[in-house]
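# Reading the structure
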Amino acid sequence: KALLKGSANKQVEDAVVDAIDQIAALVGRPAKLEHRPAHPADVPATWANVDKAARLLDWTPEVPIEEGLRRSVAWYRENEAWWRAIKNAEPVSSS
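Starting afresh in each chain, residues are numbered from 1 along the sequence in its written order. This being a predicted model, a pLDDT of at least 70 is required before a residue's local features are given, and a value of 80 or more before pairs of side-chain atoms are given or counted; all residues contribute to the totals for chains, interfaces and linings. The basis for every side-chain value is the complete set of non-hydrogen atoms in the structure, without hydrogens or water.

For the rest of this paragraph, the subject is the overall build of the protein chain. On a plain count of helices and strands, the protein chain comes out with four helices and zero strands. Taken over 95 residues, the protein chain has a buried fraction of 8%. In the form shown here, the protein chain has an accessible surface area of approximately 8,300 Å², with 58% of it arising from carbon and sulfur atoms. Helix and strand labels come from DSSP, where a helix needs a run of H or I of at least four residues and a strand needs a run of E of at least two; each type is numbered from the N terminus. Under the scheme applied here, a residue whose accessible area is under 20% of the maximum for its type counts as buried, over 50% as exposed, and between as partly exposed, the area being computed with a 1.4 Å probe on protein chains only. Using the Shrake-Rupley algorithm and a 1.4 Å probe, accessible areas are obtained, with residue cover drawn only from the displayed protein chains.

The structure is reproduced here in structure tokens:
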């Protein structure tokens with residue numbers, strides 16, 4: 001993980017680490033973080049937010065991040081055969 005410069009990006013980095021910690025707690029295993037140099041295609045900074053979507057589309061998130069992570073972990077547990085086939089480059093059954 002490359003250290004992001006600037007306070008806004010430090011907040012993003014902290015949010016990513018917090019999400020990783022939450023996922024680790026949900027799956028019941030510690031995260032294995034591997035720190036690497038930034039990839040050339042990585043965006044060096046972000047100012048992402050949902051304000052424009054709220055303004056132009058009248059959209060706001062309805063699910064808190066904690067609940068979204070919980071739902072995502074549950075989905076992956078319920079669909080293990082699907083993601084394992086993709087991970088192992090096996091044909092995926094349509095059943």
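Having seen the model, we can carry on.
Right, let's talk about the packing of aromatic side chains for a bit. Pairing of aromatic rings covers Phe, Tyr and Trp, the last through its six-membered ring, and needs centres within 6.5 Å; plane angles under 30 degrees mean stacked, over 60 mean edge-to-face, and all others mean tilted. Following the criterion strictly, the structure yields two aromatic pairs and no others. A centroid spacing of 4.9 Å and a plane angle of 80° characterise the contact between Trp 75 and Tyr 76, whose relative ring orientation is edge-to-face. The partly exposed category is assigned to Tyr 76, whose relative accessible area is 43%. Note on Trp 75 and Trp 82: the rings are 5.3 Å apart at their centroids and 80° apart in plane angle, and the pair reads as edge-to-face.

Right, let's talk about the side chain of Gln 22 for a bit. Along the chain, Gln 22 turns up in helix H1 (residues 7-27). Polar contacts, as counted here, are pairs of nitrogen or oxygen atoms within 3.5 Å of one another; within protein the pair requires one atom able to donate a hydrogen and one able to accept it, and residues that are adjacent in sequence qualify only if both atoms are side-chain atoms. There is a polar contact of 2.9 Å between the side chain of Gln 22 and the side chain of Asp 18. Pairs of residues are marked as contacts when any of their non-hydrogen atoms sit within 4.5 Å. Residues within four places of Gln 22 in sequence aside, it is in contact with Glu 66 and Leu 69.

Each salt bridge in this description consists of a side-chain nitrogen of Lys or Arg and a carboxyl oxygen of Asp or Glu lying within 4 Å of one another. For the structure shown, the criterion picks out four salt bridges. Arg 70 serves as the salt-bridge partner of Glu 67, at 2.6 Å between the closest nitrogen and oxygen. Of this pair, Glu 67 and Arg 70 both sit in helix H3 (residues 65-78), three residues apart, roughly one helical turn. A residue is classified by how much of its surface remains accessible, and Glu 67, at 24% relative accessible area, is partly exposed. Salt bridges sharing partners connect three or more residues here, namely Glu 67, Arg 70 and Arg 71.

Like-charged residues are merged into a patch within 9 Å and nonpolar side chains (Val, Leu, Ile, Met, Phe, Trp, Tyr) within 5 Å, provided each residue has over 30% relative accessible area and no salt bridge. Taken together, Val 50, Leu 56, Leu 57 and Trp 59 make up a surface patch of nonpolar side chains, about 430 Å² in accessible area. For Trp 59, the position within the fold is in the loop between helix H2 (51-57) and H3. Judged by relative accessible area, Trp 59 falls into the partly exposed class, the value being 42%.

The next subject is the confidence of the model for the protein chain. Within the protein chain, residue pLDDT values average 83, and 84% of them lie at 70 or more. Per-element confidence in the protein chain ranges from a low mean pLDDT of 83 for H1 to a high of 96 for H3. pLDDT is a residue-level measure of predictor confidence that goes from 0 to 100. Low confidence marks residues 1-6, where pLDDT is under 50. Its contacts with residues over four positions away, or in another chain, come to 13 contacts.

The subject of this paragraph is unusual backbone geometry. Positive phi, close to 55°, is recorded for Asp 58, a residue that is not glycine. Mapped onto the secondary structure, Asp 58 falls in the loop between H2 and H3. Classification of Asp 58 by relative accessible area gives exposed; the value is 71%.

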